[in-house]
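Coordinates in review
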Amino acid sequence: MGRMAGSAQGRAELVAEAVLPVVEAAGAGPWLVAEDDSGRVAAALKAAKWSRWSQGDDAGAVAPPADPVAQAALRAPPDAQALTYAAARLAAAVPAGAPLWVYGHNDEGIKSAGKRLTGELWADAQTVATRRHCRIWRLTRTAAAAPQGLDPWWQAGAIDLGAGPRPWWSLPGLFAKGKLDAATALLLAALAKAPPVATTLDFACGTGVIAHAVRAANPAGTVHALDADALAVAATRRNVPDAQVALGDGWRAVGDLRVDRVVSNPPIHAGKLEDFAVLRALVHEAPAHLNPKGELWLVVQRQVPVESLLAQVFGRVDLADEDTRFRVWRADGPKER
Ligand SMILES: C[S@@+](CC[C@H](N)C(=O)[O-])C[C@H]1O[C@@H](n2cnc3c(N)ncnc32)[C@H](O)[C@@H]1O
């Protein structure tokens, strides 16, 4: 496998090339294309686009445009709940009897997508093509009414950060299903030993666990949070109502914001593939978003080569804590040149 084929971008191109001949032969639009991370499928079909995830300057959205379309196509998200959610939201734009084309790579769970989506909103799942380790499903819209808004999707749970369980809200496809992740727990334990600061940014906030912990430890401080996923932003706004929560792809979300501390359990995958692009941008651009004496805290799996990355950018890099799976890093100060 070449370098591109093993990258998230290479995978997106490969999947687009597999589906393009099928959808181009599928008849007239207008089309709605969802989660097309290569951009090639929507461009070829001159389609309206939807993604829950922000990518570059394209902001994610919790739902697609409501304008009715003749057909829709969805690159299946690997997460089963995210797949169900995306197909249900697309159903609002697709009339009864019209098709939804669902496509993806075998490594991303596409083999079970047809069966998984067969139900109240979508019927007659058929595999119409398999090629290049990809599969393309065709489903037909039923006449059942599509669910509207986020209300049917909220998942009520609880989280305990040491002060007893408190209600916690999640949505389909969010990190750790709205639970406290083991890496995040290690990061929060290390952070609890550090003095509070006035302004903190939870970078890649998920459901807002870090933002909530920082706020609870220092109610007088200001907490900012960002995530590329529109559903993560909605959940953090609900869980941490007094945080300033922004939607966007990495640092694009917060403009020229500067804070005293950036804290992150960063994404290290794009889909199922390892991808350090967001982590690299987080570290390289962090100094431009830190006040003088500001610091960056990160937790990553032990094998992620983050120490050398931090040392390229910061004058001081400390291992704040570690266990058998994860390491917590703290970095500050300018790099002497
Ligand atoms: C490992 S999870 C951490 C979530 C949360 N901070 C926690 O500890 O529970 C990483 C988060 O990064 C988000 N993410 C992925 N790509 C991103 C990007 N380009 N910009 C901002 N956030 C991104 C994902 O949506 C996900 O919520």
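Definitions and cut-offs
- Residues numbered from 1 in each chain as written.
- Predicted model: local features only at pLDDT ≥ 70, side-chain atom pairs only at ≥ 80, totals over all residues.
- Heavy atoms only, no water.
- Pairing = 2+ DSSP bridges.
- Helix = DSSP H or I, 4+ residues; strand = E, 2+ residues; numbered from the N terminus.
- Axes fitted to C-alpha atoms, helices over the stretch in contact; angles between N-to-C directions.
- Parallel < 35°, antiparallel > 145°, perpendicular 65-115°, else oblique.
- Left-handed = near helix turned anticlockwise from the far one by under 90°.
- Contact = heavy atoms within 4.5 Å.
- Nonpolar A, V, L, I, M, F, W, Y, C, P; charged D, E, K, R; others polar.
- Core = buried A, V, L, I, M, F, W, Y, C linked by side-chain atoms within 4.5 Å.
- Buried < 20%, exposed > 50% of the residue type's maximum accessible area, 1.4 Å probe, protein only.
- Domains from an automatic or database assignment.
- Buried area = accessible area lost by both parts, 1.4 Å probe.
- Salt bridge = Lys/Arg side-chain N within 4 Å of Asp/Glu carboxyl O.
- Near = heavy atom within 4 Å.
- Polar contact = N/O pair within 3.5 Å; in protein donor to acceptor, adjacent residues only side chain to side chain.
- Areas by Shrake-Rupley, 256 points an atom, 1.4 Å probe, with all protein chains shown as cover.
- Phe/Tyr/Trp six-rings, centres within 6.5 Å; stacked < 30°, edge-to-face > 60°.
- Lys NZ or Arg CZ within 6 Å of the ring centre and 35° of its normal.
- 1 Å grid on protein atoms, 1.4 Å probe; cavity = no way out; pocket = protein on both sides within 12 Å on 5 of 7 lines; lining within 4 Å.
- Points joined across faces, edges and corners; volume = space filled by probe spheres on them.

A closer look at the sheet that holds strand 10 (residues 222–227)
One open sheet holds the seven strands; their spatial order is 11-10-9-12-15-17-16, and the pairing between them is mixed. The sheet is open, and its two edges are formed by strand 11 (244–247) and strand 16 (314–322), each paired on a single side. Strand after strand, the sheet turns through a mean of 20° between neighbouring axes, direction not considered. With four bridges joining them, strand 10 and strand 11 adopt parallel strand pairing.

A look at the packing of helix 5 (residues 182–191) against helix 6 (residues 209–217)
Relative orientation of the contacting elements helix 5 and helix 6 amounts to 20°, with a least axis distance of 11 Å. Put simply, helix 5 runs roughly parallel to helix 6. For the crossing formed where helix 5 meets helix 6, the hand is right-handed. For the pair formed by helix 5 and helix 6, the contact residues are Thr184, Leu187, Leu188 and Leu191 on the first element and Val209, Ile210, Ala213 and Val214 on the second. Here the contact of helix 5 with helix 6 is built from residues that sort into seven nonpolar, one polar and no charged.

What about the nonpolar core?
If you look at the biggest cluster of nonpolar residues, it comprises 36 residues, and the most contacted ones within it are Leu74, Leu100, Val102, Trp122 and Leu171. Elements with a minimum of two residues in this core: strand 1 (31–34), strand 3 (71–75), helix 3 (80–90), strand 4 (99–105), helix 4 (113–117), strand 6 (134–141) and helix 7 (230–239). It is helix 3 that contributes the most residues to this core, six residues altogether. A domain split of this core shows at least three residues from each of domain 1 (8–141) and domain 2 (154–334). Those residues within four positions of Leu74 in sequence are excluded, and the remaining contacts are Ala34, Glu35, Leu83, Ala86, Ala87, Leu90, Leu100, Trp101, Val102 and Tyr103. Counting 28 residues, the second largest nonpolar core, distinct from the first, contains Phe203, Leu296, Leu298 and Leu309.

Some points on the domain arrangement of the chain
Taken domain by domain, the chain consists of domain 1 (8–141) and domain 2 (154–334). The C-alpha centroid of domain 2 is placed 31 Å from the C-alpha centroid of domain 1. A per-residue breakdown of the area domain 1 buries against domain 2 is headed by Arg52, Ser54 and Gln81, which together make up 36% of the total. Summed over the shared surface of domain 1 and domain 2, the result is two salt bridges. Here Asp229 and Arg52 are joined by a salt bridge, their closest N and O atoms 2.8 Å apart.

Thoughts on the site of the ligand
By nearness alone, 17 residues border the ligand, and Thr184, Ala204, Asp227, Asp249 and Gly250 come closest of all. A distance of 3.5 Å separates a nitrogen atom of the ligand from a polar backbone atom of Cys205. Compared with its free state, where it exposes 600 Å², the ligand has 88% of that area covered by protein.

Structural notes on the environment of Ala63
Relative to the helices and strands, Ala63 is located in the loop between strand 2 (48–50) and strand 3. A residue is classified by how much of its surface remains accessible, and Ala63, at 24% relative accessible area, is partly exposed. Separated by 11 residues in the primary sequence, Ala63 and Arg52 place their C-alpha atoms 7.1 Å from one another. Those residues in contact with Ala63, other than ones at most four positions away along the chain, are Trp50 and Arg89.

Let's talk about the packing of aromatic side chains
Tallied over the entire structure, the rule returns three aromatic pairs. When the ring of Trp154 is compared with that of Trp169, the centres are 6.2 Å apart and the planes differ by 85°; the resulting orientation is edge-to-face. Note that Trp154 is positioned in the loop between strand 6 and strand 7 (155–160) and Trp169 in strand 8 (residues 165–170), a separation of 15 residues in sequence. Above the ring of Trp53, the side-chain terminus of Arg52 is found at 4.7 Å from the ring centroid. Geometry around Trp154 places Arg238 over its ring, the cationic atom sitting 4.7 Å from the centre.

Remarks on unusual backbone geometry
The omega angle of the peptide bond from Gly29 to Pro30 is 5°, so this bond is cis rather than trans. Tracing the backbone shows Pro30 in the loop between helix 1 (8–24) and strand 1. One non-glycine residue, Glu35, adopts positive backbone phi at about 55°. Its place among the elements puts Glu35 in the loop between strand 1 and helix 2 (40–45). The buried category is assigned to Glu35, whose relative accessible area is 9%.

Considerations on the layout of surface pockets
Its boundaries defined by the atoms lining it, the second largest pocket holds a volume of some 280 Å³. What lines the second largest pocket is a set of 15 residues, and nearest its centre among them are Leu191, Ala192, Ala213, Val214 and Ala217. Elements that contribute at least two residues to the lining of the second largest pocket include exactly helix 5 and helix 6. When residues in the lining of the second largest pocket are grouped by element, the largest group, four residues, is from helix 6. When its residues are assigned to classes, the lining of the second largest pocket shows 11 nonpolar, three polar and one charged.

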